[in-house]
Amino acid sequence: MKKLLWIPLLSVALLSVAACGGDGGEPFAPGQSGASERPDEENGDKPDTPALGDSGRYLVLYASRTGNTERVAQLIQATLDCDMLEVEPQEPYDNDYNAMLERAQEELAAIRQGNFPPVKTSMENFDDYDIVFVGYPIWYGSMATPMQTFLHTHASKLAGKRIALFATSGSSGISASVSEARNLCPDATIIDRTLLLTSESLSQMATRVPVWLDEIGASREEPEEPDTPAATSLKASITVGDRTITATMEDNAA
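Here we take up the nonpolar core. L61, F126, V134, Y136, M147 and L151 are the most contacted members of the largest nonpolar core, which totals 35 residues. Of all the secondary-structure elements, those providing two or more residues to this core are β1 (58-62), α4 (97-112), β3 (131-139), α5 (145-153), β5 (162-169) and α6 (175-184). It is β3 that provides the largest number of residues to this core, a total of 5 residues. For L61, the contacting residues outside a window of four places in its chain are L85, F126, V132, F133, V134, G135, M147, F150 and F166. With 23 residues, the next largest nonpolar core counts Y62, F133, I191 and A218 among its residues.

Structure (structure tokens):
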């Protein structure tokens, strides 16, 4: 009789465990919750905060799908110790290369009609920056669409700013994207000297980036050295009658 009572009790316990396990049957990782997150809807138009460096004179903006442009942006940021922010599309690109190319073509065609694909990155202002670095991959000879959207939506805030362009590509040139940048930000100053790293020259990044930064006058701010007394200020002359004695004061408690 006792064995028969255990059977329904065990069934109820198993059903309870199954109900608590979730749809996937696997526990959530630490920091996750069962509810789906919708950060884009919650944040709305809230401006993004760049990763901050010690030098507040420069900002590196970049869009990157494969990571090549991101590597260049990180090197610029490390060299100048400046702020950096990634420009991201509202909807991530497909990992499938052909699907990504098809979407890129559609977005470039839409931009030519005045329809810019949405991005989820925004900046409140650029007032504190002397130079804004703008980096992107070249897609079909043009600036990658997320960066085009960002420049289009922030054109008024970038007015009067100096913009330095850098790009990565398989083999395409950068000239068409420079014209696009000037059209997107007509009231900004696009620095003539640009940086393009192709698949053949990407390995030269470590040497080419510092040279380019020097050419456009971007340098890392060095901390100011504290004022120290000159060596002559530690000497004292004592005159007694016709005799003058020069003494050197030692830096000690006495």
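In this section: the pattern of salt bridges. Counted under the stated rule, the structure contains 5 salt bridges. Between D130 and R57 there is a salt bridge; the shortest N-O distance is 2.8 Å. Here D130 is found in the loop between α4 and β3, whereas its partner R57 is found in the loop between α2 (39-43) and β1, with 73 residues between them in sequence. By relative accessible area, which is 26% here, R57 ends up partly exposed. A salt bridge links R182 to D192, with the nearest nitrogen and oxygen atoms 3.0 Å apart. Residue R182 is found in helix α6, and its partner D192 is found in the loop between β6 (189-190) and β7 (195-198); the two are separated by 10 residues along the sequence. You can call D192 exposed: its relative accessible area is 67%.

All right, on to α6 then. Turning to α6, its buried residues are S177, V178, E180, A181 and L184. Buried positions in α6, seen along its axis, are confined to an arc of 160 degrees and lie on one side of it. Opposite the packed face of α6, turned more than 90 degrees from it, sit the exposed residues S175 and N183.

Cut-offs and rules
- Residues numbered from 1 in each chain as written.
- Predicted model: local features only at pLDDT ≥ 70, side-chain atom pairs only at ≥ 80, totals over all residues.
- Heavy atoms only, no water.
- Core = buried A, V, L, I, M, F, W, Y, C linked by side-chain atoms within 4.5 Å.
- Buried < 20%, exposed > 50% of the residue type's maximum accessible area, 1.4 Å probe, protein only.
- Helix = DSSP H or I, 4+ residues; strand = E, 2+ residues; numbered from the N terminus.
- Contact = heavy atoms within 4.5 Å.
- Salt bridge = Lys/Arg side-chain N within 4 Å of Asp/Glu carboxyl O.
- Arc of directions from axis to C-beta.

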